[in-house]
Amino acid sequence: MTIANTCVLVAAVLPVLTMGLAKFSTAGKKVREGGYDNRKPREWASKQEGWKARAAAAHSNGFEALPLFVFAVLAAQQAGLDQGRTDTLAIAFIVTRLVYIAIYLANQGALRSLVWGVGLAITIAIFAPTLSFAL
C-alpha cells in the first residue's frame, strides 16, 4: 500500500473520529441529560450546540471532501504519475484536514474557509496533471 493509499484510509476515518469527539464528551450522561442517543444519532447531532455542533458539521464536511480526494489519488495512480509527488500531496491533504478540524472546533469561520480552500487546491493538484491527457 502506498502512502497516498494510507492517506485515503486516514481521510475516511477522520470524520468518524471527529464525531466521536462530540459523542465521547457526553459519555456517562443519560440520554435525557444530553448524552449520546445511539437510537437517534442524527437527531442527537442536530440538537448539539457549540463545539459539539461544529464537530458534527466537520464530520459531514469530511465525508463531503472524501470522494474527490479518493478520486484524485486513484486517478493519479492510474495515470502513472510520480508516486512520490502523489504521496507528498496526500500527506499535505491530511495535515490540512487536521488543521481544518481544529479550526472548525475553535469556531474560526474565515480561517476555516481558507484552509478548506487549501485542501481543495491540494486535491486538484494531485490529479491536475492527468487533465492534460484528456485535452
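Being a predicted model, the structure only gives us computed values, none of them experimental.

What counts and how
Residues numbered from 1 in each chain as written. Predicted model: local features only at pLDDT ≥ 70, side-chain atom pairs only at ≥ 80, totals over all residues. Heavy atoms only, no water. Phe/Tyr/Trp six-rings, centres within 6.5 Å; stacked < 30°, edge-to-face > 60°. Helix = DSSP H or I, 4+ residues; strand = E, 2+ residues; numbered from the N terminus. Buried < 20%, exposed > 50% of the residue type's maximum accessible area, 1.4 Å probe, protein only. Lys NZ or Arg CZ within 6 Å of the ring centre and 35° of its normal. Contact = heavy atoms within 4.5 Å. 1 Å grid on protein atoms, 1.4 Å probe; cavity = no way out; pocket = protein on both sides within 12 Å on 5 of 7 lines; lining within 4 Å. Points joined across faces, edges and corners; volume = space filled by probe spheres on them. Nonpolar A, V, L, I, M, F, W, Y, C, P; charged D, E, K, R; others polar.

(A) Structural context of the packing of aromatic side chains. Counted by the stated rule, this structure contains three aromatic pairs. Ring geometry for F71 against F127: centres 5.2 Å apart, planes inclined by 75 degrees, an arrangement best described as edge-to-face. On the criterion of sequence distance, the pair formed by F71 in helix α3 (residues 50-78) and F127 in helix α5 (residues 109-134) is long-range, its members being 56 residues apart. A residue is classified by how much of its surface remains accessible, and F127, at 11% relative accessible area, is buried. Between the aromatic rings of Y100 and Y104, the centroid separation amounts to 5.5 Å while the plane-to-plane angle is 85 degrees, which identifies the pairing as edge-to-face. A residue pair is termed a helical-turn pair when its members lie 3 or 4 positions apart in one helix, as Y100 and Y104 do in helix α4 (residues 83-105) at four residues. An identical accessibility class is assigned to Y100 and Y104; each is buried. Taking the ring centre of Y104 as reference, the NZ or CZ of R112 above it sits at 4.1 Å.

(B) Region of the structure containing the environment of G62. As for its position among the elements, G62 is in helix α3. For the pair formed by G62 and A22, sequence separation is 40 residues and the distance between their alpha carbons is 15 Å. Those residues in contact with G62, other than ones at most four positions away along the chain, are P15 and R97.

(C) Representation of empty space enclosed by the protein. This model, assessed by the stated rule, comprises one cavity of 30 Å³ or more. Reported here for the largest cavity is a volume of approximately 80 Å³. In this structure, the largest cavity is lined by A11, L14, P15, T18, A58, G62, A65, L66, F93, R97 and I101. For the lining of the largest cavity, the secondary-structure elements that each account for two or more residues are α1 (3-24), α3 and α4. By residue class, the composition of the lining of the largest cavity is eight nonpolar, two polar and one charged.

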